[in-house]
Amino acid sequence: MMKIPVTIMRGGTSKGIFILEEHMPTSREQWQPFLLDLMGSPDQKQIDGLGGANSLTSKVAIIKRSTIPGIDVEYTFAQVSITQQTVDFKGNCGNISSAVAPFAIEQGLVAAHSPLTRVTIFNTNTNKCIISEVEVQNGQVKTEGSVEIPGVPGTGSPIYLSFRNAEGAVTSKLYPTGSPIDTIIWRGKELPISIVDFANPLVFLHAQDIGLSGTELPNEYTEEQLTMLEEIRSIAAELCGFCSREEATLKSPAVPKMTVVAAPTDYKDMSGNLQKANQMDLLIRMMSMQKPHGALAITGAICTSAAIYSQQTILKDIVGLRKEIIRLGHPAGIMQTKLVVSFGKIESITVIRTARRIMEGYAFTKKSYSSVPLEMSM
């Protein structure tokens, strides 16, 4: 077996394993089997690894100090499948991104400056930069604060996360198919969808077009409804050129992300709180690795905000005006994004998150990976 230094971090509404790239196998071909081993996949319970048996806790961030001018750290995101022998490196995770700067500061990759440390992050999955601003006190990352984010108990110190020039993050195009609206044939029915790639590729679908209300909570979907959503997502994956629709669940399970939208309406969130229609601009429900997301992916919120601002996608049927503050009603509550626009073009989109270190120590893999530094062997 191998002994590997790891840190468990919560970032936003996700939790993941953070590893310095120097502790990864030097052969990139071994990254997938190594991470599957580390997380205990494939296994529905991930009982023999560090995974939490949920797509929101089966994530890995691989970090290194950058040699690129103007960049502090480079970050690679890995979505580890729970049930398949697959690790998806195609897209990024915004929630996990929010923990990258605190990790980098705590690891000494970036010097701490009070009261706010600015960290420039290069995400290798999308070749895009993220600016993270973290509160620092007495040379340490501050975790206590008054910021509350839906889907996370308690409060924390704010982390300001800005996604800049995020258009075409995975496909190099804002509209991967060349069109802001596509009509697909699904089960013999014409269905309008929009595929947008901004921070991550999403496929948008009107809830009413497949018999949903848009207010569904994660435990309220039937298996038939989840199957329908994956069928539509698989068609979108093929349209993006990622793989055939028949292979999408295995070869491209994380992107494009299925996103169901509806007009604002009152609903009760997962905590039983009433969310009022006048407090939101859009109802949104996302899928994560073929399961309902318990909150909202940050890259999903970023992409949705860009799609709303464009006024060209199917979202214009719901939000008919360009907005620079956007409120998105999701299963855990309401998330707000802020757009910085110059001459009609989006320069950046910012969200506020919280994050914290939960544990650091050593993990033990089941197998030996010869390319991992020998001093880590047991």
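Each remark here, short or long, concerns the structure printed above.
Quantities reported herein were computed from a predicted structural model and do not represent experimental measurements.

### Regarding the layout of surface pockets
Consideration 1: Considering only enclosed or pocket space, the largest pocket measures out at about 470 Å³ in volume.
Consideration 2: For the largest pocket, the lining is made up of 22 residues, of which Glu148, Ile149, Pro150, Ile334 and Arg353 are closest to its centre.
Consideration 3: Looking at which element gives the most residues to the lining of the largest pocket, the answer is strand 19 (residues 333–342), with 6 residues.
Consideration 4: Here the lining of the largest pocket is composed, by residue class, of 10 nonpolar, 8 polar and 4 charged.
Consideration 5: Estimated volume of the second largest pocket: approximately 410 Å³.
Consideration 6: What lines the second largest pocket is a set of 20 residues, among which Ser55, Ile82, Ser288, Met289 and Lys291 lie closest to the centre.
Consideration 7: Contributing elements (two or more residues each) for the lining of the second largest pocket: helix 5 (248–251) and strand 17 (291–292).
Consideration 8: In terms of residue class, the lining of the second largest pocket is built from 7 nonpolar, 12 polar and 1 charged.

### What about unusual backbone geometry?
Consideration 1: A cis amide bond, omega 0°, links Ser114 with the succeeding residue Pro115.
Consideration 2: With respect to the element layout, Pro115 can be found in the loop between helix 3 (100–106) and strand 6 (116–123).
Consideration 3: The linkage connecting Val255 with the following residue, Pro256, adopts the cis geometry, with an omega of -5°.
Consideration 4: One can find Pro256 in the loop between helix 5 and strand 13 (257–262).
Consideration 5: If you check the backbone angles, Asn127 has positive phi at about 55° while not being a glycine.
Consideration 6: Turning to its location among the elements, Asn127 is positioned in the loop between strand 6 and strand 7 (128–137).
Consideration 7: You can call Asn127 exposed: its relative accessible area is 54%.
Consideration 8: Residues other than glycine seldom take positive phi values, yet Ala199 does so here, at roughly 80°.
Consideration 9: Mapping Ala199 onto the fold places it in the loop between strand 11 (189–197) and strand 12 (201–206).
Consideration 10: What makes Ala199 buried here is its relative accessible area of 5%.

### Here we look at the packing of aromatic side chains
Consideration 1: For the structure shown, the criterion picks out 3 aromatic pairs.
Consideration 2: A ring pair is formed by Phe18 and Phe103, whose centres lie 5.4 Å apart and whose planes are at 45°; its orientation type is tilted. In this pair, Phe18 is assigned in strand 2 (residues 14–20) and Phe103 in helix 3, connecting sequence segments 85 residues apart. Pair check on accessibility: Phe18 and Phe103 agree, each one buried.
Consideration 3: Look at Trp31 and Phe89: their rings are 6.4 Å apart centre to centre, the planes differ by 50°, and that puts the pair in the tilted class. In this pair, Trp31 sits in helix 1 (residues 31–39) while Phe89 sits in the loop between strand 5 (87–88) and helix 2 (94–97), placing the two residues 58 residues apart along the sequence.
Consideration 4: Classification of Trp31 by relative accessible area gives buried; the value is 4%.
Consideration 5: Judged by relative accessible area, which is 22%, Phe89 ranks as partly exposed.
Consideration 6: Against the face of Tyr362 rests Lys3, its NZ or CZ located 4.3 Å from the ring centre.

Scoring rules and cut-offs
Residues numbered from 1 in each chain as written. Predicted model: local features only at pLDDT ≥ 70, side-chain atom pairs only at ≥ 80, totals over all residues. Heavy atoms only, no water. 1 Å grid on protein atoms, 1.4 Å probe; cavity = no way out; pocket = protein on both sides within 12 Å on 5 of 7 lines; lining within 4 Å. Points joined across faces, edges and corners; volume = space filled by probe spheres on them. Helix = DSSP H or I, 4+ residues; strand = E, 2+ residues; numbered from the N terminus. Nonpolar A, V, L, I, M, F, W, Y, C, P; charged D, E, K, R; others polar. Buried < 20%, exposed > 50% of the residue type's maximum accessible area, 1.4 Å probe, protein only. Phe/Tyr/Trp six-rings, centres within 6.5 Å; stacked < 30°, edge-to-face > 60°. Lys NZ or Arg CZ within 6 Å of the ring centre and 35° of its normal.

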